[in-house]
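Structural features, examined
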Amino acid sequence: MVTSKLRPLDQRVKQLAQVYAAHRPLVQRGLTVGFVLYVLTTAYHGLAAHKTTKKEKEKDAAGRKNGKPARVAVDAVFYQRLGMILRIVIPNIHSKEALLLFMHSSLLIFRTAISLYVAALDGKIVASLVRGQSLQFLLNIIRWLLVAIPATWTNSWLSYIQNKLALAYRTRLTKEVLKTYLGDEADGPEGKVYYKLSNLDDRIKNADQMITHDIQRFSTHLAVIYANLAKPILDVILYNYQLSQNVGAEGLALLTVLVQASAALLRVLTPSFGTYTARSAALAGSLRHTHSRLSEFAEEIAFFGGEETEKQLIEREYAALVQHEQGVMNKRWWYGCAEEGIVKWLWGSFGLVVCAIPVFFKLPGISNFDLGSRTEGFVTNRRLLLSSSDAIGRVMYSYKDLAELAGYTSRVSLLLDTMSDIRKGKFQKSLVSGATEGENAQILRSRGQVLLSDDIQFESVPIITPNGDILLRSLTFHVKPGEHMLIVGPNGSGKSSLFRILGGLWPVYGGIVRKPHASNFMLIPQRPYLSVGTLRDQVIYPHSQQDMEARGVTDADLLAVLERVQMGSIVDREGGWDVAHEWRDALSGGDKQKIAWARLFYHRPKYAILDEATSLVPPDMEGTMMEQATTLGITLLTVSHRPSLWKYHSTILQLDGQGGYVFKQLDAEKRLAIQEEKQDLETKLLEIPKMKLRLAELRLIADANRSM
């Protein structure tokens, strides 16, 4: 009875099998098309922007309050930043970068085609060995050697094009950054970003590292990520399509389910490598910045004996970097174990099972009956499966690479966004207490007017430092060409701040400033800047030799300029105009100031800002240079406390350091007389205590004589 009941079931199964066999080609095509669509949609969703959860947002906000950097992830913000940068590095489809990208894509497809051919050839070679077909074996070996020629050529070209692509990205991005960072004279108030970035804004502490290191790492990762995404996805589709033809789409569907389940587990275990990369770059930049400060202020540190303190600062920065890197290494270690265990060994076992399907089961349309045919099929399928497994693994690895790219993208984007804000006059700076309250806050939110004029005129202009410290609430004065102005006052009273406004370096927070273009000003500080280059370059800086010759100036004219500052002998002493030295070390302090004055006489600007510019030259030379500047029509704005300079100026701006000032005509003779009288009185006042002491001694002696 039981047997009779089962026969109809067996018949139904047999009928279903016959129907399935009859429609198997259609099912195969459906499964294959479904697999391709599944791979594409899975890749898209895997790489698409992930929404930040509420818990992650709260954790990120708490981290920012504690001074930690914002979390970096493969999310919508990352793709927005990446899209902005991609428009810079690949400006259009006709660009060099687009051509290199097309060549790279073509080579990737060609290499996949070669890999498919080699997989089939592997099976034929092993099959000819099993069958004992020596001639066929030799022919297959010849085919193997012949295919090695385009294979090696393709691999070498892929590496070359990828490196060229990274270099092209870096070049394009660096040029764009330097264009904004350094700018040119035509930028006007929007320029000087390199100065404002380090002095008026707190967001970036190490722009040099971002421009050199972070852009290089970003470009390299961007060039690599394309090959690590596009090629594996293409490989997965083509290899598995060929595999489905050999073992059936049913086995491929089973393999896909198992692989995706384990891949989901691996994604859960993947740490936030993007955040780690951005943090590593920031810590490395901070360490480099600490070292650069040691070099920059070496003299001051040496005089103070601050070696131990600086050592502790450097060790603290290094310890923070090492602690972070150690933590990242630990996470990479256990993640690497999980990754290799799943990708290499677990997926490998899945693959062996799928490769065994044609051996243990007879599939419709596949006639591998003899040992050689079964061996050829197994080897070919095994090779395809290994290649497919490697491709899937690279897709999984690429998410880690994408997370690291997100870290460098955030750094480069921060640089670009900050420079863009600075050009628009938007700064983020830590302010002094009270700067954001009441009238002070109103002043900081305001903006004044800057108008072009031959004169220099300030009308109710506040002088405010970048951190919001108000030095002067309202400054008004007027200087005409030819009227030299002397500026005096204690440290921190606003003398240098005034010059920075004139040079267009600091914003104007109110009132009206009338002045010539910033190119009509030249600054001579107490410690002049000497560039890297020849002796000629020091005199004509920032001009080049071509600029000098275009102006019709010769080396003989430059020598005449040096003679005016009693430096004509330096040409022969140093070995000619074209000799190059580290001039800040080769020249004394006085010679540096003379070179700066020679530079002033070469350029002949309308106005010269002198900040203790004659402190290291003899008084007679000082007067000669002042008179020469007047002869050349250069109006001087001088900060100096040397009375010997008073007679060369017609007006004086005196700052008291308490928010007050006096601007008036300067009567040098009267002021010198007052100064001398003041010094005499001060000298006499210093003698009073001594005179009182002597008077007391004389009284004691007189009293003693009377008692005798």
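Coordinates for the structure precede this section.
First things first, this report covers the structure right here in the doc. Note that the coordinates shown come from a computational prediction; the quantities given were computed from them, not determined experimentally.

**Considering the sheet that holds strand β12 (residues 661-665)**
The strand order across the open sheet formed by six strands is β6-β9-β10-β4-β11-β12, and the pairing between neighbours is mixed. Where the open sheet ends on each side, the last strands, each with one partner, are β6 (521-524) and β12. Direction aside, the axes of adjacent strands within the sheet are offset by 15 degrees on average. Across three bridges, strand β4 (residues 485-488) lies against strand β10 (residues 635-639) in parallel orientation. Looking at the pairing, M485 lines up with L637 of β10. Against the sheet, helix α22 (residues 589-603) engages β6 and β9 (607-611), with an angle of about 170 degrees to β6.

**Structural notes on the pattern of salt bridges**
Once the charged atoms of two side chains with opposite charge are near each other, the side chains can pair. Counting across every chain of the model gives 14 salt bridges. In this structure, D214 and R411 form a salt bridge, with 2.8 Å as the shortest nitrogen-oxygen distance. One end of the pair, D214, is in helix α8 (residues 207-247); the other, R411, is in helix α14 (residues 371-423), and 197 residues separate them in sequence. In this structure, D214 and R411 share a single accessibility class: buried. Notably, a salt bridge pairs K606 with D454, separated by 3.3 Å at the nearest N-O pair. Pair noted here: K606 is in the loop between α22 and β9 and D454 is in the loop between β1 (449-452) and β2 (456-464), with a separation of 152 residues, a long-range link. Look at K606 and you get partly exposed, because its relative accessible area is 38%. Looking at D454, the relative accessible area reads 49%, which means it is partly exposed.

**Concerning the packing of aromatic side chains**
In the structure shown here, the tally under the stated rule is nine aromatic pairs. Joined through ring pairs, the aromatic side chains of W153, W157 and Y160 make up one cluster. One residue, R551, lies across the ring of Y602, its end atom 4.6 Å from the ring centre.

**A few points about the pairing of β12**
Taken together, the five bridges between strand β11 (residues 651-655) and β12 define a ladder with antiparallel strand orientation. From the neighbouring strand, L655 faces β12, where its bridge partner is Y661. Connecting β11 to the next strand, β12, in antiparallel fashion are five residues, including G657 with a positive phi near 80 degrees.

Calculation rules
Residues numbered from 1 in each chain as written. Predicted model: local features only at pLDDT ≥ 70, side-chain atom pairs only at ≥ 80, totals over all residues. Heavy atoms only, no water. Pairing = 2+ DSSP bridges. Helix = DSSP H or I, 4+ residues; strand = E, 2+ residues; numbered from the N terminus. Axes fitted to C-alpha atoms, helices over the stretch in contact; angles between N-to-C directions. Contact = heavy atoms within 4.5 Å. Salt bridge = Lys/Arg side-chain N within 4 Å of Asp/Glu carboxyl O. Buried < 20%, exposed > 50% of the residue type's maximum accessible area, 1.4 Å probe, protein only. Phe/Tyr/Trp six-rings, centres within 6.5 Å; stacked < 30°, edge-to-face > 60°. Lys NZ or Arg CZ within 6 Å of the ring centre and 35° of its normal.

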